Amino acid sequence: MELVSGLLSRVWLLTGLSDVTNDKRSKKMEEKALEVYDVIRTIRDPEKPNTLEELDVVTEKCVEVQELGDDEYLIIIKFSPTVPHCSLATLIGLCLQVKLQRCLPFKHKLEIYITEGTHSTEEDINKQINDKERVAAAMENPNLREIVEQCVTEPDD
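Analysis parameters
Residues numbered from 1 in each chain as written. Predicted model: local features only at pLDDT ≥ 70, side-chain atom pairs only at ≥ 80, totals over all residues. Heavy atoms only, no water. UniProt positions renumbered as here; feature names shortened; annotations may be inferred. Core = buried A, V, L, I, M, F, W, Y, C linked by side-chain atoms within 4.5 Å. Buried < 20%, exposed > 50% of the residue type's maximum accessible area, 1.4 Å probe, protein only. Helix = DSSP H or I, 4+ residues; strand = E, 2+ residues; numbered from the N terminus. Contact = heavy atoms within 4.5 Å. Arc of directions from axis to C-beta. Polar contact = N/O pair within 3.5 Å; in protein donor to acceptor, adjacent residues only side chain to side chain. Pairing = 2+ DSSP bridges.

- In the nomenclature of an unreviewed UniProt entry, the protein is known as Cytosolic iron-sulfur assembly component 2A of Cirrhinus molitorella.
- The UniProt entry for the protein carries this comment under Sequence similarities (unreviewed entry): "Belongs to the MIP18 family."
- Regarding the protein, the UniProt comment filed under Subunit (unreviewed entry) reads as follows: "Monomer and homodimer. Component of the CIA complex. Interacts with CIAO1. Interacts with IREB2. Interacts with APAF1."

Structure representation (structure tokens):
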């Protein structure tokens, strides 16, 4: 079986089929990443009148998409709070979680992190925003839910 697999790999490599397949996959992942970015860029900052895009908290480069299987993807977002001691970084992560859960039309797993070196307590916050139970509990708090709704609702909604 390994011999057949090895021969097929060589044939694909020699005919250029491997490169074409990888190029298509790469382009598809870039398109998915842009689709994700379009969803998160309009989230508003909890204390400023700007969007996360306007504040450079999120950029196109902060979104990575990997294919897990047929129409299932792993989305990795690395956002950068405006200051290293930002008290609202966890809330921003929660807003990212909520908006993506609501708006993405494809099956996905989500990992959200603070960009390394951009926050004083990034490890603790990374654990919180990727803990499904903590996210669910946070959204049960009416005050917190209202703030999240204000941040993730589109201006013309």
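Still more to cover.
1. Considerations on the nonpolar core
At step 1: Within the largest apolar cluster, 40 residues are counted, with the highest numbers of intra-cluster contacts made by Val36, Ile40, Val58, Val63, Ile77, Phe79 and Leu96.
At step 2: Looking at this core, the elements with two or more residues in it are α2 (17-40), β1 (63-69), β2 (72-79), α3 (89-103), β3 (107-114), α4 (122-129), α5 (132-140) and α6 (142-152).
At step 3: Ranked by residues supplied to this core, first place goes to α3 with eight residues.
At step 4: When sequence neighbours within four positions are dropped, the list of residues in contact with Phe79 reads Val57, Val58, Ala89, Ile92, Gly93, Leu96, Ile112, Tyr113, Ile114, Thr115, Thr118 and Ile129.

2. A look at the side chain of Thr118
At step 1: Turning to its location among the elements, Thr118 is positioned in the loop between β3 and α4.
At step 2: Those residues in contact with Thr118, other than ones at most four positions away along the chain, are Phe79, Ser80, Pro81, Val83 and Pro84.

3. Concerning α5
At step 1: Considered for burial, the residues of α5 that qualify are Val135, Ala138 and Met139. Each buried residue of α5 sits inside an arc of 95° when the element is viewed along its axis, so together they form one side. Of the residues in α5, the exposed ones pointing more than 90 degrees away from the buried face are Glu133 and Glu140.
At step 2: Its side-chain oxygen 3.0 Å from the backbone nitrogen of Glu133, Asp131 forms the N-cap of α5.

4. Considerations on the environment of Leu144
At step 1: Take Leu144: it is sitting in helix α6.
At step 2: Sequence separation between Leu144 and Leu94 is 50 residues, and the spatial gap between their C-alpha atoms is 9.8 Å.
At step 3: Beyond its immediate chain neighbours, meaning those up to four positions away, Leu144 contacts Leu91, Leu94 and Ala138.

5. Some remarks on the pairing of β1
At step 1: With six bridges connecting them, β1 and β2 associate as antiparallel partners. Bridged to Glu67 within β2 is Tyr73.

6. Looking at the environment of Cys86
At step 1: Inspection of the secondary structure puts Cys86 in the loop between β2 and α3.
At step 2: Taking the C-alpha atoms as reference points, Cys86 and Thr121, 35 residues apart in sequence, are found 9.4 Å from one another.
At step 3: What Cys86 contacts, discounting residues up to four positions off in sequence, is Pro81 and His119.

7. Examining α6
Helical geometry note: an α-helix holds 3.6 residues per turn, so side chains three or four residues apart project in the same direction.
At step 1: Of all the positions in α6, only Val148, Cys151 and Val152 are classed as buried. An end-on view of α6 places all buried positions within 85° of arc, on one side of the element. Exposed and facing more than 90 degrees away from the buried side of α6 are Pro142 and Asn143.
At step 2: Those residues of α6 that are buried are in contact with α3 and α5.
At step 3: Capping the start of α6 is the job of one residue whose side-chain oxygen sits 2.9 Å from the backbone nitrogen of Asn143: Asn141.

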